[in-house]
Amino acid sequence: DTGVSQDPRHKITKRGQNVTFRCDPISEHNRLYWYRQTLGQGPEFLTYFQNEAQLEKSRLLSDRFSAERPKGSFSTLEIQRTEQGDSAMYLCASSLEGQGRNTEAFFGQGTRLTVV
Amino acid sequence: AQSVSQHNHHVILSEAASLELGCNYSYGGTVNLFWYVQYPGQHLQLLLKYFSGDPLVKGIKGFEAEFIKSKFSFNLRKPSVQWSDTAEYFCAVNARDTGKLIFGQGTTLQVKP
């Protein structure tokens, strides 16, 4: 499968624990996005990278959240001291941008986080 | 503020009925427009997109959408739905410089056989 892959697919954690999710984008894609989706809502933008540079972070991304894309390939999203309100589906997407071209974003299947 | 509004939260249709899902957006700059679909248990998939040119765009599975700039709308249509179209549909816009997507709240479509 050469699409966007996310790991794990499901994560159950106790409140206060740290969790880390991984996203592997489509290999030639230079942009990588993180979104969060709660039940009955559309995905909400969290942050994005162009290559290894994190170019924008949403105000939704509190200081407990950190994202990295160290070599411009895979990315990790870490949530420290999880809270029940962090329970959601975390989606990763990637796209190829630049040189005046626009392309659509391709989404992974998401990581469903449940904080108990 | 940038926003996308989908008019219908839950739509129930019988097979062969026609479908139109409304989408309006508020955005200050030049945008690209998208409809994504999420079938039960699956990831978001692109149905169709508008970047420029002909405002009537055709997507997969017989879907089409029309961009009406003066109305800030991008409504999704299908002349005859099938049971397999049961899914959640999301309208989205992005800024051409960042590619960041702003999604509507989604419309759940249930097609009865």
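Quick caveat: nothing in here was measured; it's all calculated off a predicted structure.

Chemist: Teacher, can you tell me more about the side chain of Gln38(B) here?
Modeler: Locating Gln38(B) in the fold gives a position in strand β5 (residues 31–38). Among the polar contacts listed, one links the side chain of Gln38(B) to the backbone oxygen of Gln42(B), at a separation of 3.4 Å. Ignoring sequence-local partners within four residues, the contact set of Gln38(B) consists of Gln37(A), His43(B), Leu44(B), Ala87(B), Glu88(B) and Phe90(B).

Chemist: Teacher, can you tell me more about unusual backbone geometry here?
Modeler: Of all residues except glycine, most have a negative phi; of all peptide bonds, most are trans. Going from Asp7(A) to Pro8(A), the amide bond is cis rather than trans, its omega being -5°. Among the secondary structure elements, Pro8(A) is positioned in the loop between β1 (5–7) and β2 (10–13). Within the chain, Asn51(A) stands out as a residue other than glycine whose phi angle is a positive 55°. Along the chain, Asn51(A) turns up in the loop between β5 (44–50) and β6 (53–57). The exposure class of Asn51(A) is partly exposed, given its relative accessible area of 36%. At Phe72(B), a residue that is not glycine, the phi angle is positive and equals roughly 50°. By the secondary structure assignment, Phe72(B) is in the loop between β8 (64–68) and β9 (73–78).

Chemist: It is not clear to me how the state of the cysteines should be interpreted in this structure. Could you clarify?
Modeler: Two cysteines whose sulfur atoms are joined by a covalent bond form what is called a disulfide. Residues and elements named next belong to chain A. Across all of its chains, the model carries two disulfides over all chains by this definition. Disulfide pairing places Cys23 opposite Cys92 at an S-S distance of 1.8 Å. Negative torsions about the S-S bond denote left-handed disulfides, and the value of about -70° found for Cys23 with Cys92 makes this one left-handed. You can see Cys23 sitting in strand β3 (residues 19–24) and its partner Cys92 sitting in strand β9 (residues 88–95), a full 69 residues away along the chain.

Chemist: Explanation requested: the interface of chain B and chain A in the structure shown.
Modeler: How big an interface is tends to be stated in terms of accessible area lost as the parts join. With 21 residues of chain B at the interface, the matching set in chain A holds 19 residues. Carbon and sulfur atoms make up 51% of the area that chain B and chain A hide from each other, which totals about 1,600 Å². The largest share of the area that chain B buries against chain A comes from His43(B), Thr98(B) and Lys100(B), three residues that together contribute 27% of it. At the junction of chain B and chain A, the tally comes to two salt bridges. Across the salt bridge formed by Glu104(A) and Lys49(B), the nearest N and O atoms sit 2.7 Å from each other. Joining chain B to chain A, the criterion identifies four residue pairs in polar contact (both at pLDDT 80 or more). When residues of the side of chain B that touches chain A are assigned to their parent elements, the largest contribution, four residues, is made by β5(B).

Chemist: What is the right way to read empty space enclosed by the protein from this model?
Modeler: The rolling of a water-molecule-sized probe over the atoms marks out the regions of remaining empty space. Applying the stated rule across the entire model yields one cavity of 30 Å³ or more. Taken as a whole, the largest cavity holds about 40 Å³ of empty space. Each residue belonging to the lining of the largest cavity can be placed in one class, and the counts come to five nonpolar, four polar and two charged.

Conventions used here
Residues numbered from 1 in each chain as written. Chains lettered and ligands numbered in written order. Predicted model: local features only at pLDDT ≥ 70, side-chain atom pairs only at ≥ 80, totals over all residues. Heavy atoms only, no water. Helix = DSSP H or I, 4+ residues; strand = E, 2+ residues; numbered from the N terminus. Polar contact = N/O pair within 3.5 Å; in protein donor to acceptor, adjacent residues only side chain to side chain. Contact = heavy atoms within 4.5 Å. Buried < 20%, exposed > 50% of the residue type's maximum accessible area, 1.4 Å probe, protein only. Disulfide = S-S within 2.5 Å. Buried area = accessible area lost by both parts, 1.4 Å probe. Salt bridge = Lys/Arg side-chain N within 4 Å of Asp/Glu carboxyl O. 1 Å grid on protein atoms, 1.4 Å probe; cavity = no way out; pocket = protein on both sides within 12 Å on 5 of 7 lines; lining within 4 Å. Points joined across faces, edges and corners; volume = space filled by probe spheres on them. Nonpolar A, V, L, I, M, F, W, Y, C, P; charged D, E, K, R; others polar.

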